[in-house]
Number of protein chains: 4
Amino acid sequence: MSTPAKIQRIAVLTSGGDAPGMNAALRAVVLAGEHYGLEVFAFKHGYQGLLDNDHIRLCGADVLHILQYSGTIIKSARCKRFVDADAAELAAKNLDALDIDALIIIGGDGSFRGAEHLAQFWNGQIIGVPGTIDNDLYGTDATIGYATAVAIAMDALDKIRDTADAMDRVFIVEVMGRNAGFIGLSSAMAAGSERMILPELQNDKPLTVAALVKHIERVQKIRGDGSYVMVLSEHQWPGGAVALAEQLEAEYHLPCRPCLLGHIQRGGPPAPADRILASELGVHAVELALDGQTRVMAGIKNHAPVAVPLADTWQKKNPLNKNLLRIQHEIFNPVKKNGNGQ
Amino acid sequence: MSTPAKIQRIAVLTSGGDAPGMNAALRAVVLAGEHYGLEVFAFKHGYQGLLDNDHIRLCGADVLHILQYSGTIIKSARCKRFVDADAAELAAKNLDALDIDALIIIGGDGSFRGAEHLAQFWNGQIIGVPGTIDNDLYGTDATIGYATAVAIAMDALDKIRDTADAMDRVFIVEVMGRNAGFIGLSSAMAAGSERMILPELQNDKPLTVAALVKHIERVQKIRGDGSYVMVLSEHQWPGGAVALAEQLEAEYHLPCRPCLLGHIQRGGPPAPADRILASELGVHAVELALDGQTRVMAGIKNHAPVAVPLADTWQKKNPLNKNLLRIQHEIFNPVKKNGNGQ
Amino acid sequence: MSTPAKIQRIAVLTSGGDAPGMNAALRAVVLAGEHYGLEVFAFKHGYQGLLDNDHIRLCGADVLHILQYSGTIIKSARCKRFVDADAAELAAKNLDALDIDALIIIGGDGSFRGAEHLAQFWNGQIIGVPGTIDNDLYGTDATIGYATAVAIAMDALDKIRDTADAMDRVFIVEVMGRNAGFIGLSSAMAAGSERMILPELQNDKPLTVAALVKHIERVQKIRGDGSYVMVLSEHQWPGGAVALAEQLEAEYHLPCRPCLLGHIQRGGPPAPADRILASELGVHAVELALDGQTRVMAGIKNHAPVAVPLADTWQKKNPLNKNLLRIQHEIFNPVKKNGNGQ
Amino acid sequence: MSTPAKIQRIAVLTSGGDAPGMNAALRAVVLAGEHYGLEVFAFKHGYQGLLDNDHIRLCGADVLHILQYSGTIIKSARCKRFVDADAAELAAKNLDALDIDALIIIGGDGSFRGAEHLAQFWNGQIIGVPGTIDNDLYGTDATIGYATAVAIAMDALDKIRDTADAMDRVFIVEVMGRNAGFIGLSSAMAAGSERMILPELQNDKPLTVAALVKHIERVQKIRGDGSYVMVLSEHQWPGGAVALAEQLEAEYHLPCRPCLLGHIQRGGPPAPADRILASELGVHAVELALDGQTRVMAGIKNHAPVAVPLADTWQKKNPLNKNLLRIQHEIFNPVKKNGNGQ
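Residues numbered from 1 in each chain as written. Chains lettered and ligands numbered in written order. Predicted model: local features only at pLDDT ≥ 70, side-chain atom pairs only at ≥ 80, totals over all residues. Heavy atoms only, no water.

### Side note on the overall build of chain A
When you go through chain A residue by residue, the secondary structure sums to 13 helices and 11 strands. Its C-alpha atoms give chain A a radius of gyration of 22 Å, within 12% of the compact-globule value 20 Å for 342 residues. Overall, the C-alpha framework of chain A stretches about 70 × 40 × 35 Å when taken along its three principal axes. In chain A, which comprises 342 residues, the share counted as buried stands at 66%. Pairs at least 24 apart in sequence give 75% of the contacts found in chain A among residues at least 6 apart. (Helix = DSSP H or I, 4+ residues; strand = E, 2+ residues; numbered from the N terminus. Rg over C-alpha atoms; globule rule 2.2 N^0.38 Å. Buried < 20%, exposed > 50% of the residue type's maximum accessible area, 1.4 Å probe, protein only. Contact = heavy atoms within 4.5 Å.)

### Some details on the UniProt feature "domain: Phosphofructokinase" (unreviewed entry) in chain A
UniProt records the feature "domain: Phosphofructokinase" (unreviewed entry) for residues 9–288 of chain A in the present numbering. For residues 9–288 of chain A, the end-to-end C-alpha separation is 14 Å, with 46% helix and 17% strand making up the annotated structure. (UniProt positions renumbered as here; feature names shortened; annotations may be inferred.)

### Concerning the sheet that holds strand 4 (residues 102–107) of chain D
Residues and elements named next belong to chain D. With mixed pairing, the 7 strands of this open sheet are ordered in space as 3-2-1-4-5-10-11. Sheet topology places strand 3 (55–58) and strand 11 (304–309) at the edges, where each strand pairs with a single neighbour. The mean angle between the axes of side-by-side strands here comes to 30°, regardless of whether they run parallel or antiparallel. Across 6 bridges, the pairing between strand 10 (residues 296–301) and strand 11 is antiparallel. Opposite alanine 298, over in strand 11, you have alanine 307 as the bridge partner. (Pairing = 2+ DSSP bridges. Axes fitted to C-alpha atoms, helices over the stretch in contact; angles between N-to-C directions.)

### Comments concerning the relation of the copies chain D and chain A
Once chain D is rotated about the relating axis by 180° and shifted along it by 0.0 Å, it coincides with chain A to within an RMSD of 0.0 Å. Such a combination of rotation and displacement between the chain copies is what one expects of a two-fold axis. Within chain D, the C-alpha atom positioned nearest to the axis of rotation is that of Asn302(D), 2.5 Å from it. When the interface residues of chain D are mapped onto chain A, 100% of them again fall at the interface, so both copies present the same face. (Least-squares fit on C-alpha atoms with pLDDT ≥ 70 in both.)

### Looking at unusual backbone geometry
If you check the backbone angles, Arg295(A) has positive phi at about 55° while not being a glycine. Relative to the elements of secondary structure, Arg295(A) occurs in the loop between helix 11 (272–290) and strand 10 (296–301). Looking at Arg295(A), the relative accessible area reads 40%, which means it is partly exposed. At Asn53(D), a position not held by glycine, the phi torsion is positive, near 55°. Locating Asn53(D) in the fold gives a position in the loop between helix 2 (47–52) and strand 3.

### Points about the interface of chain D and chain C
At the interface, 35 residues of chain D touch 35 residues of chain C. A buried area of about 2,600 Å², summed over both sides, lies between chain D and chain C, and 62% of it is on carbon and sulfur atoms. Of all residues in chain D, the largest losses of buried area upon contact with chain C belong to Lys159(D), His263(D) and Ile264(D), amounting jointly to 23% of the total for that side. Taken together, the links from chain D to chain C amount to 2 salt bridges. (Buried area = accessible area lost by both parts, 1.4 Å probe. Salt bridge = Lys/Arg side-chain N within 4 Å of Asp/Glu carboxyl O.)

### A few points about the packing of aromatic side chains
Counting across every chain of the model gives 10 aromatic pairs over all chains. Centre to centre, the rings of Tyr146(B) and Phe182(B) are 6.0 Å apart; their planes meet at 80°, and the pair counts as edge-to-face. Separated by 36 residues along the polypeptide, Tyr146(B) in helix 6 (residues 146–167) and Phe182(B) in helix 7 (residues 182–191) bring together distant segments of the chain. As far as burial versus exposure is concerned, Tyr146(B) and Phe182(B) are alike and both buried. A centroid spacing of 4.2 Å and a plane angle of 20° characterise the contact between Tyr47(D) and Phe82(D), whose relative ring orientation is stacked. (Phe/Tyr/Trp six-rings, centres within 6.5 Å; stacked < 30°, edge-to-face > 60°.)

### Side note on helix 11 (residues 272–290) of chain D
The first and last C-alpha atoms of helix 11 of chain D sit 27 Å apart over 19 residues, in line with the 27 Å expected at 1.5 Å per residue. Phi for Gly292(D), located one or two positions after helix 11 of chain D, is positive at around 90°. (Expected span 1.5 Å × (residues − 1).)

### Quick word on the interface of chain D and chain A
Many descriptions give the size of an interface as the accessible area lost when the pieces come together. The interface of chain D with chain A comprises 66 residues on the first partner and 66 residues on the second. Counting each side, the surface lost to burial between chain D and chain A is near 5,000 Å², with a carbon and sulfur contribution of 56%. Linking chain D with chain A are 6 salt bridges. For Arg326(A), the salt bridge is made with Glu287(D), and the minimal N-O distance between the two is 2.9 Å.

### Observations regarding the side chain of Asn323(B)
In this structure, Asn323(B) sits in helix 13 (residues 322–331). Among the polar contacts made by the side chain of Asn323(B), one reaches the side chain of Arg326(B) at a distance of 3.0 Å. If near-sequence neighbours (up to four positions away) are discounted, Asn323(B) is found in contact with Glu280(C) and Pro305(C). (Polar contact = N/O pair within 3.5 Å; in protein donor to acceptor, adjacent residues only side chain to side chain.)

### Considerations on the pattern of salt bridges
A complete count under the given rule lists 60 salt bridges over all chains for this structure. A salt bridge links Glu234(A) to Arg178(A), with the nearest nitrogen and oxygen atoms 3.7 Å apart. Linking Glu234(A) in the loop between strand 8 (228–233) and helix 10 (240–252) with Arg178(A) in the loop between strand 6 (170–175) and helix 7 (182–191), this pair joins segments that are 56 residues apart in sequence. By relative accessible area, which is 41% here, Arg178(A) ends up partly exposed. Put simply, Asp168(D) and Lys75(C) hold a salt bridge, and the shortest N to O gap is 3.1 Å. On the criterion of chain membership, the pair formed by Asp168(D) in the loop between helix 6 (146–167) and strand 6 (170–175) and Lys75(C) in the loop between helix 3 (60–63) and helix 4 (85–97) is interchain, its members lying in two chains. A relative accessible area of 28% places Asp168(D) in the partly exposed class. Taking relative accessible area as the criterion, Lys75(C) reaches 19% and is therefore assigned buried. Where salt bridges share partners, they join Arg9(A), Glu39(A) and Arg57(A) into one cluster.

### A closer look at the domain arrangement of chain A
All names here are of chain A. Under the domain assignment used here, chain A contains domain 1 (9–145 + 270–315) and domain 2 (150–266). Using only C-alpha atoms to locate each centre, domain 1 and domain 2 end up separated by 35 Å. Counting residues at the interface gives 9 residues for domain 1, matched by 7 residues for domain 2. Summed over both partners, the interface of domain 1 with domain 2 buries about 750 Å², with 54% contributed by carbon and sulfur atoms. Connecting domain 1 to domain 2 are 1 salt bridge. (Domains from an automatic or database assignment.)

### Concerning the environment of Leu31(A)
Along the chain, the position of Leu31(A) falls in helix 1 (residues 22–35). Residues Leu31(A) and Gly268(A) lie 237 residues apart in sequence; the distance between their C-alpha atoms is 23 Å. Beyond its immediate stretch of four places on either side in the chain, Leu31(A) contacts Gly60(A), Val63(A), Arg223(D), Ile331(D) and Phe332(D).

### Re the state of the cysteines
Here, disulfide denotes a covalent bond that connects the sulfur atoms of two cysteines. All names here are of chain C. According to the stated counting rule, one finds 0 disulfides over all chains in the structure shown. No disulfide involves cysteine 259; its nearest neighbouring cysteine sulfur is the one of cysteine 256, lying 9.3 Å away. According to the relative accessible area criterion, cysteine 259 is buried, its value standing at 0%. (Disulfide = S-S within 2.5 Å.)

### Here we look at the pairing of strand 8 (residues 228–233) of chain D
Residues and elements named next belong to chain D. Most of strand 8 is tucked away, with 6 of its 6 residues classed as buried. Covered by surrounding structure in strand 8 are Tyr228, Met230 and Leu232 together with Val229, Val231 and Ser233, the residues of both alternating faces. Pairing analysis gives 6 bridges linking strand 6 to strand 8, with the strands arranged parallel. Following the sheet pairing, isoleucine 172 is matched in strand 8 by methionine 230. Judged from the 3 bridges that link them, strand 7 (residues 195–197) and strand 8 form a sheet pairing that is parallel. Within the sheet, the bridge partner assigned to arginine 195 lies in strand 8 and is methionine 230.

### Some details on the relation of the copies chain D and chain C
Rotating chain D by 180° about the axis while translating it 0.0 Å along that axis superimposes it on chain C, leaving an RMSD of 0.0 Å. The share of interface residues of chain D whose copies in chain C are also at the interface is 100%, consistent with both copies meeting through the same surface.

### As for helix 1 (residues 22–35) of chain D
Taking 1.5 Å per residue, 14 residues should reach 20 Å; helix 1 of chain D reaches 20 Å between its end C-alpha atoms and fits that length. Buried residues dominate helix 1 of chain D, accounting for 13 of its 14 residues.

### Some points on the sheet that holds strand 5 (residues 125–130) of chain A
Residues and elements named next belong to chain A. An order of 3-2-1-4-5-10-11 is seen for the 7 strands of this open sheet, with the pairing classed as mixed. Strands with a single pairing partner mark the edges of an open sheet, and in this sheet they are strand 3 (55–58) and strand 11 (304–309). Adjacent strand axes in the sheet meet at a mean angle of 30°, parallel and antiparallel pairs treated alike. Where strand 4 (residues 102–107) and strand 5 come together, 6 bridges link them in parallel fashion. Note that in strand 5 the partner of isoleucine 106 across the bridge is valine 129. Sheet strands in contact with helix 1 are strand 1 (9–14), strand 2 (39–43), strand 3, strand 4 and strand 5, and its direction is about 160° off that of strand 4. In the packing of helix 11 onto the sheet, the strands contacted are strand 1, strand 4, strand 5, strand 10 and strand 11, and the crossing angle to strand 10 comes to about 135°.

Dropping the structure here:
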C-alpha cells in the first residue's frame, strides 16, 4: 500500500445468485474498512438496493460472526432493470448523494457486467469480488463459493456411493455449472465417480444413451462391481438427471435413480477455502480502492493477489485444469487402458 | 435370557432397499452370536443369496468397524422371484443343508412378507429386524435408517434456507416416504419449513396449486420474509418437485427451485440413533432366536425390546405422531392463529 | 387445551450452560405464544437478566430461522447471586412490574433449583423446559441438547477410529457428563468403542490402570486388531484424558493419545431430535401455562407430553438404559464371552 | 510422458503419521499403475513392512472406493529402526527379491529422510508423495491431509463459537502443527478467531499471560462482545490448552475452557482438496517413475505438477502465506487499527 488514495466512504453489495463465503467477503470489507478508517455502507438486495437507495451503515460488531454462514446478510438479487441507462443513472445519483468513493460488488459475471454498465454513468471507483459457485470467471484461481459447492456435491456423491455399492446400482447426480464443468469435474474426481457429463466434454461429441450404456456395462464388467455413479452438469441433458434416469430404465431396462442437488450446493457452513479466499479478497478489494484502482476484479493467482480488468473476467475463458481432466477422464477410466511404454 | 434354546447356527441377510444402520445391525447379530457361542452365516444380496446359496461365515473381526458406514457389507437386493413357492422351497433346502436354526432378516415390509412366505416352507425360526428409512412398520417406535434419513433431509433443508433467505425465494425439497410422511414431517419440523405436502395430509383434500400460492403469499406477508421452503414427500405430486416448481413458475410467475434428494437420504455415516437402535435390535433378534421365538420382528417400544408378530408389522398402521403434526401444521403455521382462550 | 387460563403475558429465559436446541425451544415458545394470542418477553443472560430487568419483546419474525443454530440468541449465564432471597425478591418485582403471568425457564437442574427458589417469592406460574446436554433430569426421556452432544462425540470417535485403525493405536476421548454417563454410553455404543469409563461404572469398583492395560491387551489379542478407543466421562479420572494417556505411556510404555472434546459438544447445527424435542417442549410449556399449571417441567415420556414437579427433576435419578449398558459393556465386550445355553 | 522407462513393477507404502487422503493417493498409484500396465505391490505398516517383507499385490478393484475414507488400508507406522544401515540393506534385499523397479513413499519429512537413507543402499527409483496434515514440506503448495485437518479444526472452532457467544466466554482450542502454524493460521482465519498462538508468531517474542489477558479485555471492550476464541498450535504453551486455561482462571479469574482436538484432525471423510491433490500426486508419482526419475517428491506448485529433490523437502522451509498472516493478525485484529492514509 504505497500511496493510498484519500477515500473516506465505501459501499458494498452482493449481487446475483448467492454464494457461500459472500458473508465472509462482506465481513472482510467491513473489517478492512474499519482498519483503514473508512466508513462502510451496504446496499441491500444487490443492484435493486442501489435503485431503491436501501442502504445501511456497517461496522465491525455487525459482521463479527457471519463468516460461518452461507447466504448474505445484506441479501442478494438479480436486477433485470439494471441494464437500462436510467437505472444506472439513478444508482449513480444515489451513490453520489451518499458521498461514496468506491463501490465493491461481490458477485459473478452478470454482476460484473452491471458494474461496467454503472461505470459508464458514475465516476466513483468500482471493484469486483468474484462470488459465484460456478468458478467461471477469468483471472482468479477460484471464486468464492466454489469450494463449498464442490464439498457439498462430493458429500452427496459419497452418500450415493453407499447405496450404489449395497444394491449394485447406477445413479445420476445432477450438479450446478451450466457453462463450466468445474463443480462437475472436481466433485467427480473427489468422489471417484465412474462418469462425468460436463459442458467441456459435450462440446465435441455429445454423449448418446447407447454409448453411455456401453460404458456402464464395460466398467461393471472390468471392475466386477455393479455400482456406477455419474455426475451430470446441469443443462447437459434434456430434462436433466430425472429424464436421463427414465431413459435408461425405459430404453435399456437399466435401473437408475436420479438426484437433483439444486440450491443445496449454495448453503451450509462455507468451506475453509471459501472463507479464507473471501477474507483475502475482501481485504484486497478495499486495498485496491485505497490504491485508487477502478473497474478491476480482486483475484488470487498462484497465491498472490491480483487486479483483473472487469471485462476480462467474462470475456476471457477460465479453462478446466487439463491435468485433472486427463486423470479423471482417462487414467481413472478403466476402459481406457494404456500398456506400459505405449 | 432364562432358558435359551439349544440353537447353534444362525444366518442373517439384508433385504430390500438398504438403510443406514443395517451394518450396525449385522455387526450386533454377529457379536451377539459370538457372545452366545453361535456360528453366524450371512447370505449375500438378500433373498437372492438364499436362492443362489451365496453365503459366508462371519466372525467378530469381520464386522468390528462397520457400524460407521451406511450400506450393507453383505449387499442387499430386491428379489421378485421370491414370491413363488419353488423359490421358497429352494431357500428352505439351502438353509437346511447348512443346518441353520434361525434366520434373521433385516429389511422392510416387503422383506417381512418374504419371510412369512418362507415360513410356509421352512421349519427354522425366522426373526425380522426393521431396516427401512421410511419408518412405516407397525410395532416399533423407530426403524433402522429413519433417523439418518431425517438428519440428511434436515441438513439439505438447512442449506436451502440459507439461499432462500439470501434471495427471498421459494424452494421445494422432495424427500422419501411415498406411503408415510415420517421423513417429511420430522425434517420439516426440524428445519422449520413453511409447508409440508405429506401422504397423511393429502388424503382428505389434496393441495391445489392455487391454495399453495395463496398460502405462500399470506405467509410471506405475515412474516415479512420472502423465504419459503416446502417439503414434498415423494409420489404426492404428479412429476414431483421438478413439476411443481415448473407449475408455480409457469402458472403463477412465482420463481421456485426444486431439489430431489433421492438416495442421498440413504448414505453417509449413520446417525447415532440408528446405530444404537440397530445394535439393540440386532442383539434382541439373536436373543429372541435363543428364546425359541419365530415369525416375529424385534422392535423397541417405549425404550423396551418387544417381539411383534411379523404380519402385524405391515397389516397394522404406524401413524404419525399427532402432537408433532398438530404443532408443525397448526401451531407453527402463521395463517392458523388462535386468539387466547378461544 | 380444554380451559386455557386467561393469561396474557409470558416471559422466557435460558439459563446455565447452553445446550443445542435452546433456540428451537425459544422459537417454539414465541410461536406458540403468538398462536394463542399471548405477548412474549425474553430476559437476557438467564437469571441475571431478571435482576437487571434486561428484557426484550419477541415476536414470530424475530425467531423464524434460529432453530438451525446452537447457542441461544437471548444469551445464557450462571448467576451465583440468585440463591439469595433479595435476588429472588428483586426478580419477582421486575416480573410483576412487567405484568408477567408465567415464566418459562429453559435450563438444567441448577436453573430449576433457581426456579423453585423464585417460586418462594413470586406468585406467577413457573414452567421449566429441560435444556442440558447431560440428560440428567428425571421425568423426561431426553433433555434438549443431549442428542447433539452424542452426535458430536460419536463423530469425534469415528474420526479417531480412522487413525487408530491406520496406526494400530490406543486413544482416549474425554466427553462431557460428570454426574451421568449418558453421553459416554451413547457415543461409545454408536461408535463401537472398546471401553467406557462412566460414572455409573466407576461407582462400585473404579478402574485401575493395570486392569485397563490388561483389557487392552486381551481385546487386541482376541480381535487381532491394535485399534482400541476409549470413552472417558469427565471427572472420572484425575487429570482427565491427558493424564490417563501420560500414565499409560509412562507406566506401561503403551502409546496412547488423548482428545478433550470440551465445549465442542455444545455447538454446530442441533441434531434433528433436539430441534423436534425442543419444539414440542416449547409448545408444551406454553400450553401448560395456559392450563394454569406451575412449578412443573414440561417433559416427554414415551412420546407423550408430561408435566413433572420441578423438584422431582433433580431429586429423583434418571438412570442409564440398563439394556444398552448391558449390550455395550458385556455383549459387545470380547473378553466377556458366554457359551451357548450357559 | 514422452519416453516412459521400461519399468514393470512398482511398490507403494504409507509411512509415519497417517493423513486423510493417503487412501486416495494409494488408489491413484494403483489405478495409474494399472493404466500403464504396471504391477503394483504394497508394503504394509510403512517401513516396517519393508523389513518384514509384508506385502500384497493390489489391483484396481481393491482400491475403487477407498478415497472416501481417512486412514490407510495398507496401514502406517513409525519405524525407529529404519535409521540403521542393516535395516535399509534388508529393505533393499526384499525390494530386489520382488523385482521392484520403483518405490513410492507416501508420508512426511521423517518418511522422506528414511527414503534418502534407503537410497544409499538400493538402486531402484524412489518417489515421495507428501502425506502429512502439517503442510510443512518445501516444494509443494499443499500436502495431503492438510485441507482436511483445517476443515476439522474450523468445524470445532465454529462449534465453540456458538457456546462462546451464548455465554460471553473465552475458549482455547489446541490444534496440530508443532513446527508450523499452517493448521493454526488457516483454521483461525476460517473461523474468525480472535487470537492465534503459532510457532511463527512465538519466535520473536513469546506471548505472556499478562499480554494475552490485556488483549482479551481490549477486544471484548472494542467489540462489545464477550466471546473470544483462541487457536493454540501444539507445543506452543507448556502444558498446552489445558494448562493455559487453568492459568487464566487461577491467575486472572478469567473463566476459560480448553479443547484438545488431537487426532480428530486426522479422520473422517477427507476434504475434496485432499482427495483431488492425492489423486493428482499419486498419478504424478507413477509418471515420474515411468519417466525414470528418482529421489524426488511429486508436488504441485501453482497448479502444475513438479518434481522436488527429496532432501529439499525438509531442508528448505515452507513459509506461511505472509498476506494471510498479515490479514488475520493485523487487519482483522481490532486493537491494531490504522487511520486512513497512514
